[in-house]
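Here's the letter readout for the chains.
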Amino acid sequence: DFVMKKVRIFAPATVANVSCGFDILGFPLSNVGDEMVIRKREEKGVRITKIEGAEGLPLEAEKNVSGVVALKMLEKLGIDQGVEIEIYKGIKAGSGIGSSAASSAGVAYGINQLFAEPFSTQQLVEFAMEGERLASGVAHADNVAPAISGGFTLVRSYHPLDVIAIPSPDDLYCTVIHPQIEVRTADSRNILKEKVPLKDAVQQWGNVAGLVAGLIKNDYDLIGRSLEDVIIEPIRSILIPGFDKVKKLSVEAGALGCGISGSGPSIFALSRGKETATRIKEAMNQAYKELGIDFELHLSKICASGVRTLPENI
Ligand code: ADP
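Run through the pairing of strand S2 (residues 25-41), naming residues and quoting values.
Taking burial as the measure, the 17 residues of S2 include twelve buried ones, the bulk of the element. As paired elements, strand S1 (residues 6-16) and S2 share ten bridges and run antiparallel to each other. When the sheet's bridge partners are listed, Ile9 is paired in S2 with Met36. Here two bridges tie S2 to strand S5 (residues 152-158), and the two strands are oriented antiparallel to one another.

How would you sum up the site of the ligand? Please name residues and give values.
In the vicinity of the ligand lie 17 residues, with Asn64, Ser95, Ser100, Arg184 and Thr185 positioned nearest. Backbone polar atom of Gly96 to an oxygen atom of the ligand: 3.4 Å apart, as the coordinates give it. With respect to the ligand, the backbone of Ser99 contributes an N or O atom lying 3.0 Å from an oxygen atom. Considering the ligand on its own, with 560 Å² of exposed area, one finds that the protein chains cover 91% of that surface. According to the grid-proximity analysis, the pocket containing the ligand is the largest pocket.

Basis of the calculations
Residues numbered from 1 in each chain as written. Predicted model: local features only at pLDDT ≥ 70, side-chain atom pairs only at ≥ 80, totals over all residues. Heavy atoms only, no water. Buried < 20%, exposed > 50% of the residue type's maximum accessible area, 1.4 Å probe, protein only. Helix = DSSP H or I, 4+ residues; strand = E, 2+ residues; numbered from the N terminus. Pairing = 2+ DSSP bridges. Near = heavy atom within 4 Å. Polar contact = N/O pair within 3.5 Å; in protein donor to acceptor, adjacent residues only side chain to side chain. Areas by Shrake-Rupley, 256 points an atom, 1.4 Å probe, with all protein chains shown as cover. 1 Å grid on protein atoms, 1.4 Å probe; cavity = no way out; pocket = protein on both sides within 12 Å on 5 of 7 lines; lining within 4 Å. Sits in = over half its atoms within 2 Å of the grid points.

Here you go:
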């Protein structure tokens, strides 16, 4: 019998919220993310042996999102073995493109592979949410669900957890600018208002329904009209230097819509086709280069697969 002792995985970056869908919508990028190696150990417990590609992330299992997720899973399995984790970050913490989610989702998927898939996809999402609870104080699923499942993902309900895959057009592209400043999810949550005026709520749920309908119907105009956030963006965009300019130039370059990725500071734009996405990339570059803040740009299709195993020798 083949017994898997070690697994190497890729965990994608994710864009959550997607303008109108605060805490409920998200999708993975295809070419940005973390890699991890997870090995079985004979001794109980979780050891994080290496973190590369990011500064200042904790090696203590209880303080690292991947350690917390691994500990919960091993506890649930009730076994005498443990795991060892190496993390190669492709996404800086506090990026707004799901850095903590990639580590959480990656370890959830990886441990499930190592121990012959004892858990359902839904359970993997629930384990990964514990990592998000550590990172931001709230066990949100809008990054970890798409990171695990792939494709556009709707968290219809949290209690009970109900995750729905939303089909999306083949030619939908995403351009992301990631300013190299850290906005902590915990901070950008604290500035939000608890109460929402009814007329704003009506507008927002009209947009959420419109976006989902547009994705399913391949209706790019409807997607574009629906990419509007009247509740969160007006407050959070204040934390992001150059937000209004990036949005204006992206829309002028042909974006269907442009908004804050997750809790920021990353800004995403959706578009039809790679050519437009490339023009938007140039527009974002233009908008940001005078600000004196370093940034990274990403261009990607909406990734149909989520976290996945990599061939060992890559
Ligand atoms: P992001 O939107 O990029 O996920 P968050 O603010 O949600 O950013 O999460 C980053 C926080 O999670 C930081 O405080 C970071 O120290 C903590 N953290 C713990 N473990 C990890 C990890 N393995 N990867 C990324 N962040 C981690």
